[in-house]
Amino acid sequence: MKAAPFEYSRPADIDEACALLAADESARVIAGGQTLVPMMAMRLARPTRLIDINRIAALSYIRTEGDSVAVGATTRQCLVERDALIATSVPLLARAIPNIGHVATRARGTVGGSLANADPAAEIALTAITLDATLEYRADGASEAIPAREFFIGPMITALPAGAILSGVRFPIWQGKVGTGFHEINARRSDFAFVSAAAQVELGDDGKVKRIAIGVGAATDFPMRLDSAEQQLTGTALDDAAVRASLREALADIEALSDLHASADYRRRVAIDLAARAVADARLQAQGKTHAH
Amino acid sequence: MRIELDVNGSKHSVDVEPRTTLLDCLRDQLGLTGTHAGCEHGVCGACTVLFDGVAVRSCLMFAVQAQGSQITTIEGVTPGPGELSPVQDAFCETHGMQCGFCTPAMILTAHALLANNPSPTREEIVEAISGNICRCTGYAQIVEAIALAAERMRGANRPSELRK
Amino acid sequence: MSEPGRHRYVSTDRRVREDRRFVVGKGRYVADISLPNTKHVALVTCPYTAARIVSIDKSAALTMPGVHYVLDGAELAQATLPLMTGLETPNVPRRPLAFEVARYAGEWVAAVVADTRALAEDAAEKVKVNYAKLPFVLDAEQALEKGSPLVHEAHGSNVLLDKTFTWGDVDNDFAASPRKLSLRVKWGRSSTVPIETFGVVASWDPWRDILDVYASIQMPRYADQIGSALRLPVSSVRVHHDVDVGGSYGVKRGIKHTVLVGYLSRRLGFPVRLIEDRLENMRGGDAHGPERLFDVEVAFDDQGIIKSMKMRALENVGAYAGRSPFQLGKPIGAIVGPYKIQSVRYRAIAVVTNKTTQEAVRGFGQAPTNVAIERTIDEVANVLGLDPLELRRRNLIRHEDFPYTIPSGTTYDSGDYHTVIDKVLEHTSYEELKKERDALRAQGKLAGIGLAACLEPSGGNAMFEALLNPKISTTTFMDSCRINVDGIGSITATMHTTSSGQGHETLVGTVIGEVLQFDPDLIRVTRPDSLNSLPSGTPVGSRMAIMLGGAAFHAANKLKAKFTAIGAHDLCIPADRAVYERGEVYDRNAPQNRRTWADLVQIAHRSYHRMPVDMEPGLAVSHVMQVPAGGKLPTDDDRVQMYPCTSFEFHLILLIIDPALGRPEIVKYRIGHDCGVVINPKIVRGMTMGGIAHGIGAALYEEFAYDGEGQMVAQSFMDYILPSAHEVPPVEIIHHCTPSPNTVLGQKGSGESGYLGAPAGVANAINDALKPLGISINRLPIKLSVLGDMVAATQERKE
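In this report, the structure presented in the accompanying data block is examined. None of these values were measured; they are calculated from a predicted model.

From N to C terminus, chain C includes 20 helices and 29 strands. Scaling as 2.2 N^0.38, a compact globule of 799 residues should have a C-alpha radius of gyration of about 28 Å, and chain C matches this with 28 Å. Each of the three principal axes of chain C carries a C-alpha extent, and together these read 95 × 75 × 50 Å. For chain C, the residues scored as buried account for 61% of the 799 residues in total. Relative to all contacts within chain C whose residues are 6 or more apart in sequence, the contacts with residues 24 or more apart total 80%.

Shown next, in the form of structure tokens:
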């Protein structure tokens, strides 16, 4: 399983990388390579040129920017996993990251790489959609931003224009009594999820929901937000039966994926259960009790 | 392309195609055959090396990308001819292998774990090696080897009174 | 036969000497071997499930950089004989490259030889093959039907084997029994999938007329088959046994790979290397395992005593015969499992379909058969409202019944199944376990206890060959060991096969050390090549502890006898007064009169005038051993002794299933294991733990799944799920030892332990967990999404 031949470039900055990308429509950017290289080994991906952005230091960062935490595209997943700012300010991401692959893949895999790859089961994509993150990219010497919800448009398909390179992502920070939950089901821990669910809840002093975000991943072509459930559950105490009823309604008509690992029925049904668990975890955490699991 | 790699503390100048993986370069051009190819698509972990001290899959990196980092293979953690590191010796003590094919990768993964966590719990050991597939042992004796190595390394070079 | 616990080195907790080279990365696997001027092979594979090969255009490939040759099936078929098969099926020839017709998606159609593997792959993409698609069949039952597409036209049907055995008065036993039960059990296609793929380097030396072969190999008659296919005398084939094999568990039999590179090396004049990549291995490496459909029917009484059993086993062999049909025959040697079933009808059917060819897999058909038997036992208990453990106790062969002859003619050597079970339950109370299960159920979980009581027939004696093919009359199953003490006094022993992690060098050193009373680590053990080897049946059928251990034991005793005789003669005492002790020989009546090891070596090597009359000089001995209890052909009514020894394992598993997710989780795992005298405890423990991991994989995760078009959907490790450390729970092993009367030390085999019973135990645990819902599942692997869907459907029905 040797890759087809290609040229290799290691540009010094992102604009140089974009220029290389724009010059050859069969060129591809390589960051962590944890997904791209296996595809190349199987000759399912055959770029003529690899543009290596791993060592562009300016693309690796975790910092506060206004009311968001900005994470650079080439930031390694393992750094995000250990980062104190992420733990306090984007706790949902901190919960999600340990589910990605294995220690050895998170050592190389990047936040941007996962987002740009847009696997339906990707944990970072689910988190980005759940939190209404903003993705930033560079094209033709200019920076652009696009909301997560508009970024993912199909299975492994994004709205990134040809010649553009993802430069970073901004996750909004929620203040107040915030709790998170993240669950996924897979054949083995750390395999691609069959279904995943993410929830973030902010409770008011009355213990009712001020704000709630619920996302489901791996069940459809790209992660989805459960807007109707969020609306129904805002202002409530998140009673489990009511939560499940809302989730059931929100997921009733989705066209879930079906493959050798799980049927569409399974995905649709389990999405409800995992989302309910995620919401329950988020509620408990926001209430100050931690759910041990 | 001519590249320079820092492997096990020595610099090597090699001529590679961009598509040559770090794994193939280590094995075929540097003769370091202790790192093994099991799947070439990043699942089995048999190709694990340390990259600036961090365990990574060498089949998922092209050799050209590895310039500028320190690579450690199983040959690099072996103290000297005929000698075994504490981790290697612990694996022999518990028989944490059978065919030996996944073993160098397991040992390097153990090194990386113990460098950051000298007292891992059983669960932490299992999590650390969960990206390395073994088809022979069922993992029990591997987990025991790493726990034994941790225990021995914690107890090393400390006066006996302090251990009470 | 020795008593357990009376040994100096055997059964002691010694390190495995092979480990030293593995922990420093100095194992010598086939991909590590570098011969000058070696060229590399990549395969061109058929994308279709069945197709006629209309034409192969090599022209573009031949112009690619570094390419030396493109070999097609037509040329290879001209130049070589088809691979050996065990059944009389001349119209189902098997060749390394498809000839005229490709019969499964992924079958190898052409081989490109180039300077590097990468260049060979580049060129392989340029080989243009024209195919005409043919109808195909994937399902074994469909393959049996009239009008099914034929995988091999000339054979006239898809049936390779259809043989029914009747041992005992089955019809009367059924008629006389008040109760009957039928069950269908399906074992899905999986395999042991070692982390190292198959690889081989062949190098033809035309001046010596020798083909050197380095391979990741585990198979008997490898050199024979190479010679036969290439039309070479076997004495022109030199298989290097000192190649370390990265796991095999039966499947590393790459005879088609070897014939391919052997031919190419002879044709092209340089060494040729084929290391399968994982994609080639999964689809075209022909290393799949059984895919078997069982229909079991048992006749029993109200106390649950099972009198008779009928079993139909339908095997989906894949497109070519390989070793697979015989995997239907091995279970005959333990067809009733550990139970006192009095009569059996066994129908073994092997059909070809357009799937990848199978190879021998750990246990050789025993693990699937055990699932069928153990699921049936549990269902009988279910129907009678009896506890499944109690039902087993009533049916298990008792200690005082041994040696016990089963209806198919094999005599089980020894065992004490009830004591093994008792020991496990002393360790973990069954009543407490049931309470724990019931408490989990009260919490809303699905929880179940799974039992499995299974045998590991060990020692080889592959009489299933003669049973399934009456033209085969092989009754010789050998192994051997040679020991030489050199002129200065160090001991070197040889073993004559490859090893894939079973610690055979340690085994040989330990046994010889035990006999000669020397530290085993002082004994050098080597693996000479096939031209320098004595016969070996190789590690199959859980035979090496018995056969290699036996041969080493006998050789060591010959050596000890020689030392004793030399010493007696030199001390001028009669033989019965000479005592051998730790390398010295002394006069029993006057112990101060002794000869040291150095003295004796000196005499043997340099002082012929002091040697006993007519004794061979030097200190070289060898022993070639026939399998114990073997040597007879089947009787006219198909009864024969198969393996000489039976080890026993009893699995006790507590398992929970999350009802919403369908995900099973093993909470407790206990195994009682009796393999007679254990030669090296670390090795045996590793075998059992590894076997259980394989078994969990087969039960819950692993399947070579195909879509309706015959394409494998699990083509890589992304979809063929191998258990990681997370998926294998901690296991407590409880030992018992009933020594075998048939072996030199009382040892039995343990190479398949754990794997033989774990799938049955897990399947039973899952079914016990599903019992309150009134549903069951008898198709492995049991995927969590299937469980989830089943549970949900039940809940929907309730609502």
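And the narrative resumes.
What follows is about the interface of chain C and chain B. Interface extent is often summarised as the accessible area lost during association of the parts. Contacts between the two partners involve 45 residues from chain C and, on the opposite side, 41 residues from chain B. When residues of the side of chain C that touches chain B are traced back to their parent elements, those giving at least two are helix H1 (19-23) and helix H18 (681-701) of chain C. The element best represented in the side of chain C that touches chain B is H18(C), accounting for seven residues. Taken together, the residues of the side of chain C that touches chain B sort by class into 22 nonpolar, 13 polar and ten charged.

Moving on: the pairing of strand S4 (residues 54-57) of chain B. Regular strands have side chains that alternate between both faces of the sheet. Across four bridges, strand S3 (residues 48-51) of chain B lies against S4(B) in antiparallel orientation. Bridging from a neighbouring strand, Leu50(B) pairs with Ala55(B) of S4(B).

Taken together, the 19 residues of chain B in the interface contact 24 residues of chain A. For the side of chain B that touches chain A, the element with the most residues is S4(B), which contributes four residues. Across the side of chain B that touches chain A, the residue classes break down as eight nonpolar, seven polar and four charged.

A word on the packing of helix H15 (residues 504-516) of chain C against helix H16 (residues 544-571) of chain C. Residue and element names in this part refer to chain C. Two numbers describe how H15 lies on H16: the axes approach to 9 Å, and their chain directions differ by 35 degrees. Helix-helix and strand crossings are classified by hand; for H15 and H16 the assignment is right-handed. Across the interface between the two elements, His-504, Leu-507, Val-508, Val-511, Ile-512, Val-515 and Leu-516 of H15 pack against Met-544, Ala-545, Leu-548, Gly-549, Ala-552, Phe-553, Ala-556, Asn-557, Leu-559 and Lys-560 of H16. When its residues are assigned to classes, the contact of H15 with H16 shows 13 nonpolar, three polar and one charged.

What follows covers the sheet that holds strand S2 (residues 27-30) of chain A. Residues and elements named next belong to chain A. Here three strands make up an open sheet; going across it, the order is S1-S3-S2 and the pairing parallel. Looking at which strands have only one partner, the edges of the open sheet turn out to be strand S1 (7-9) and S2. Each neighbouring strand pair of the sheet contributes to a mean axis angle of 25 degrees, computed without reference to strand direction. Two elements, S1 and strand S3 (residues 49-52), share three bridges in a ladder whose sense is parallel. Pairing of Glu-7 across the sheet is with Arg-49, part of S3.

Before going further, it helps to examine unusual backbone geometry. Backbone torsion omega between Phe402(C) and Pro403(C) reads -10 degrees, so that peptide bond is classified as cis. Here Pro403(C) shows up in the loop between helix H11 (388-395) and strand S16 (404-405). A cis geometry characterises the amide bond from Leu780(C) onward to Pro781(C), with omega recorded as -5 degrees. Mapped onto the secondary structure, Pro781(C) falls in the loop between strand S29 (779-780) and helix H20 (784-798). Phi is positive for Glu40(B), which is not a glycine, with a value near 55 degrees. Inspection of the secondary structure puts Glu40(B) in the loop between helix H1 (22-29) and S3. For Asp52(B), which is not glycine, the phi dihedral falls at a positive 50 degrees. Mapped onto the secondary structure, Asp52(B) falls in the loop between S3 and S4.

Definitions and cut-offs
- Residues numbered from 1 in each chain as written.
- Chains lettered and ligands numbered in written order.
- Predicted model: local features only at pLDDT ≥ 70, side-chain atom pairs only at ≥ 80, totals over all residues.
- Helix = DSSP H or I, 4+ residues; strand = E, 2+ residues; numbered from the N terminus.
- Rg over C-alpha atoms; globule rule 2.2 N^0.38 Å.
- Buried ≥ 20, exposed ≤ 12 C-beta atoms within 10 Å, placed from the backbone.
- Contact = placed C-beta atoms within 7 Å.
- Nonpolar A, V, L, I, M, F, W, Y, C, P; charged D, E, K, R; others polar.
- Pairing = 2+ DSSP bridges.
- Axes fitted to C-alpha atoms, helices over the stretch in contact; angles between N-to-C directions.
- Left-handed = near helix turned anticlockwise from the far one by under 90°.

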